[in-house]
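These are the residues of each chain, in order.
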Amino acid sequence: MELWFTEQHTKNVRFSMKVDRQLYSAQSEFQRIDIFDSLEFGRVLTLDGYVMLTEKDEFIYHEMIVHVPMCAHPDARKILVIGGGDGGTVRELVRYAAVERIDLVEIDEQVVAACKEYLPQTAGKLNDPRVHAFYEDGLKFIRHQENEYDLILVDSTDPFGPGEGLFTREFYGNCFRALKADGIMVNQHESPFYKEDAYAMQRAHKRIVESFPLARVYQAHIPTYPSGHWLFGFASKQYHPVHNVDFSRWEKLGLRTQYYNTKLHAAAFALPTYVEEMLRDVE
Ligand code: SAM
């Protein structure tokens, strides 16, 4: 008997992976949470049937959402992670000795509990003493923050369901206010490839451009996300993501990574022409 997990990437495209066994399944107040063992990608977390992470390729996403801004910002100490209940973003952040506090604002405590039990690879550092978890809506939490954070990392689901509010003009404007004078916001920025994802990406980019003086986009290859071509938004009050970045400062930290490196950091902001045109159309 063969068991397969299939995600609908568009109405005409499906992505399937062979399942060894289901480990966890629950309907939380916010979403359907599933964790299963796959033969190719190891353990997989899905929310409402969408792949959030797999053991085999999560390092790409979590290294790129963390090390790009941590290299571009010369002295990030207080960081806000919105979403990120699987713990992978926090795991990469706690590797920096200079980081003093990480506020994790995750709407669904059940995601954290399930990942702590079944995905220690990503959730294993959520108990770091510098991590302070708030189980609430990031859209509401951010309304009460001003001049607080060096970095805000929006590690959210897609722009529907509980994650919808994290792609709004109000949210980005409140992130701007919550950041310090030289703060940086990085967000999960969807994909340029399939029409619906591209539309969501352009809509988010327009709203970020309207909220920040500097807004750039960088890319990574994430095999288990729709099309594999995934984007991150880099919005900044002061620092450019590449110009005048002291890459040697990051290299001297001696952090071992599997995907991120300082050459790839700079190159990730060199986008395909069709993506540049999509961004220009909404800037
Ligand atoms: N890397 C994944 C991706 O790119 O899709 C996201 C990983 S993480 C599991 C996404 C998290 O965002 C989920 O745990 C979900 O519960 C959380 N989330 C969704 N909407 C939220 C909101 N409004 N406030 C806080 N957390 C939210």
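Cut-offs used in this document
Residues numbered from 1 in each chain as written. Predicted model: local features only at pLDDT ≥ 70, side-chain atom pairs only at ≥ 80, totals over all residues. Heavy atoms only, no water. Domains from an automatic or database assignment. Contact = heavy atoms within 4.5 Å. Buried area = accessible area lost by both parts, 1.4 Å probe. Polar contact = N/O pair within 3.5 Å; in protein donor to acceptor, adjacent residues only side chain to side chain. Helix = DSSP H or I, 4+ residues; strand = E, 2+ residues; numbered from the N terminus. Buried < 20%, exposed > 50% of the residue type's maximum accessible area, 1.4 Å probe, protein only. Arc of directions from axis to C-beta. Pairing = 2+ DSSP bridges.

Looking now at the domain arrangement of the protein. As assigned here, the protein comprises domain 1 (3–54) and domain 2 (58–282). Averaged C-alpha coordinates put domain 1 and domain 2 at centres separated by 23 Å. At the interface, 23 residues of domain 1 touch 21 residues of domain 2. Roughly 2100 Å² of surface becomes buried between domain 1 and domain 2 when both sides are summed, with 69% attributable to carbon and sulfur atoms. For domain 1, the biggest contributors to the area lost against domain 2 are His9, Phe30 and Leu53; these three give 25% of the whole. Along the contact surface separating domain 1 from domain 2 lie six residue pairs in polar contact (both at pLDDT 80 or more).

Position of phenylalanine 160 among the secondary structure elements: in the loop between strand E9 (149–155) and helix H6 (169–178). Looking at phenylalanine 160, the relative accessible area reads 42%, which means it is partly exposed. Remark: the alpha-carbon pair of phenylalanine 160 and alanine 200, spanning 40 residues in sequence, is separated by 9.9 Å.

This brings us to H6. Taken together, the buried positions of H6 are occupied by Phe171, Tyr172, Asn174, Cys175 and Ala178. All buried residues of H6 fall inside an arc of 160 degrees around its axis, so they share one side. Lining the buried residues of H6 we find strand E6 (78–83), helix H5 (138–141), E9, strand E10 (179–188) and helix H7 (195–209).

Now for the pairing of strand E4 (residues 42–47). With five of six residues buried, E4 is to be regarded as a mostly interior element. Relative to E4, strand E3 (residues 32–38) is paired through six bridges, and the arrangement is antiparallel. The partner of isoleucine 33 across the bridge, within E4, is leucine 47. Once E3 ends, the chain turns through three residues before running back antiparallel as E4. In the sheet, E4 pairs with strand E5 (residues 50–54) via four bridges, with the strands oriented antiparallel.

Glancing now at the side chain of glutamine 219. One can find glutamine 219 in strand E11 (residues 214–221). A polar atom in the side chain of glutamine 219 sits 2.7 Å from the side chain of histidine 229. Not counting residues up to four positions away in its chain, the partners in contact with glutamine 219 are Met64, His229, Trp230, Leu231, Ala268, Ala270, Leu271 and Pro272.

Turning next to unusual backbone geometry. For asparagine 147, which is not glycine, the phi torsion reads 55 degrees and is therefore positive. Position of asparagine 147 relative to the elements: it lies in the loop between H5 and E9. Here glutamate 190, not a glycine, exhibits a phi torsion of approximately 60 degrees, which is positive. For glutamate 190, a relative accessible area of 2% corresponds to the buried category.

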